[in-house]
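A structural walkthrough
One letter stands for each residue in the lines below.
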Amino acid sequence: MVLQLHVWGPAFSLPSIEPHCLATIAYCSLVLPKGAWELVASSDPSVSPTGELPALQNGSVWVSRFRNIVDYLRQYSSGDWDLDGDLDESIRADNIAFSSFVESRGQPLLDLSLYVTSQNYYGNTSPAYGSLLQWPNQWILPPKLHAAAKARTEYLGLSSLDLQAMEEQRQRDHSAAVASGQVPKNLIQRPADTVSSLLGRTAQRNHFRLDALTGEFFEPLEAMLGKKQSLLAGETQDSLSSLDCIALGYLSLALVPDLTSPWLRDAMRAKAPQLTAYTEHMRRRCFGEIPVEVAHAYSPQSTSPSPLPWREPGRITAAAVGSTLLTTLADNTPFLSEVRRNRRLKQAAHSADSGLEELETEAVSTYAEKKNRDMYLSIATVVAGATALVGYVVHIGLLSISVRQAEEEEEEEEDGEVELPDLSSGNATDFLNNVSFKV
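Residues numbered from 1 in each chain as written. Predicted model: local features only at pLDDT ≥ 70, side-chain atom pairs only at ≥ 80, totals over all residues. Heavy atoms only, no water.

For the record of the chain, the UniProt heading Subcellular location (unreviewed entry) holds the text "Mitochondrion outer membrane". (UniProt positions renumbered as here; feature names shortened; annotations may be inferred.)

Okay, structure coming up:
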């Protein structure tokens, strides 16, 4: 059976807009024989039972996440499809450690570059998602991804890159000042900020912080690579490993996209020229010489051939649309969102790749169940209180009196008559003074 790899679709001349999807595509292109796999730009996490992309489908079997897919391919092929098969134990440990380093340091930088920097998100990233997603996901998923990236990078103290949030806060402060009489209402607003002007005015807080973050990511990898063609290779051989694939996923999204504010690409080129050349070489080797277009994924027959085995994804069904809308509604409903969050926490604790001991898994599961019980108890308390209040009102007669009064008023309106005074004598003033409505 042909394996199907479901990923987020192409963007920025790359086969995916997401680093782990790029890493998985690179790995499959290196280890899987031609005709053994297909690449599907589903761009919808709901296609996978785990709700995550990338996801590898083998019949009824689904495997999500890069490292899980790597392990599954090794087991499925009895070791034939394994880039790390020749690594000894110490090098395997280095592989895991450096992969964690790339993910932990690379993800915040990509979040800042593609999502938090307003000029890049609204000018490049959001339109890229718009070309990948079908309705209603094109209106639902990008804001969720945007908010998640902002939450992940909040601890870095670089929220000033989000110009829209800064402008909204400035307008709220301005409105509050106007309301308190501190600022004239006709005050002329200053021009909108740009990333360059922000970094210029707050260099110590923003520019130097970004410089430190990029240096902490690129410089160790530059030193590790040296003159070699792969990150873990020795001085006399250049065999690739899964670390090269995960590095390519993050480094290609830092280097290749032509963004409105390309501060991450500029930093990579300046700080790590050898790493830049390595990324370009790996990109051509794994993804092909031809820049990837959206048409390659969604209309493979109508565009130039691609070295990647694209298969056109199926059209979204009415059931999928309904499921997406219901899921979105549930996630935005206070009680339901809390229940779903606790359920996902319990599932994550019991997953095979959670990394938790049995006692820790049981503790997390018990915590999630307790939170759900507390939520159900709160709902029951509110419903019982409302029911008791209505019963009490009916018992003392307030509700029935109100209902009777409303019915009587309605009957009076229907039966009401207007009594006019005698017009045979008197003037207009007398007429107006004597008009009465008899009910």
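Describing the overall build of the chain
Secondary structure summary: the chain contains 17 helices and 7 strands in total. Scored against the burial criterion, the 439 residues of the chain give a buried share of 40%. Long-range pairs, those at least 24 residues apart, make up 66% of the contacts in the chain between residues at least 6 apart in sequence. Counting every atom, the chain has about 24,500 Å² of accessible surface; 55% of that belongs to carbon and sulfur. (Helix = DSSP H or I, 4+ residues; strand = E, 2+ residues; numbered from the N terminus. Buried < 20%, exposed > 50% of the residue type's maximum accessible area, 1.4 Å probe, protein only. Contact = heavy atoms within 4.5 Å. Areas by Shrake-Rupley, 256 points an atom, 1.4 Å probe, with all protein chains shown as cover.)

Looking at the side chain of D244
One can find D244 in helix α9 (residues 242-255). No salt bridge is formed by the buried D244. Its closest oppositely charged neighbour is R285, at 8.2 Å. When residues no more than four places from it in sequence are discounted, the contact partners of D244 are S230, L231, S239, Y278 and M282. (Lys, Arg positive; Asp, Glu negative; His and termini not counted. Salt bridge = Lys/Arg side-chain N within 4 Å of Asp/Glu carboxyl O.)

So, the environment of L87
As for its position among the elements, L87 is in the loop between α2 (66-76) and α3 (89-116). According to the relative accessible area criterion, L87 is buried, its value standing at 18%. It is 8.6 Å that separates the C-alpha atoms of L87 and S241, two residues lying 154 residues apart in sequence. Among all residues touching L87, those that are not within four sequence positions of it are R92, N95, L232 and S241.

Side note on the packing of aromatic side chains
One pass over the structure, following the stated rule, counts 9 aromatic pairs. On the basis of an interplanar angle of 40° and a centroid distance of 6.0 Å, the ring pair of Y76 and W81 is categorised as tilted. Ring plane angle 35° and centroid distance 6.3 Å describe the contact between Y115 and Y121, whose orientation is recorded as tilted. (Phe/Tyr/Trp six-rings, centres within 6.5 Å; stacked < 30°, edge-to-face > 60°.)

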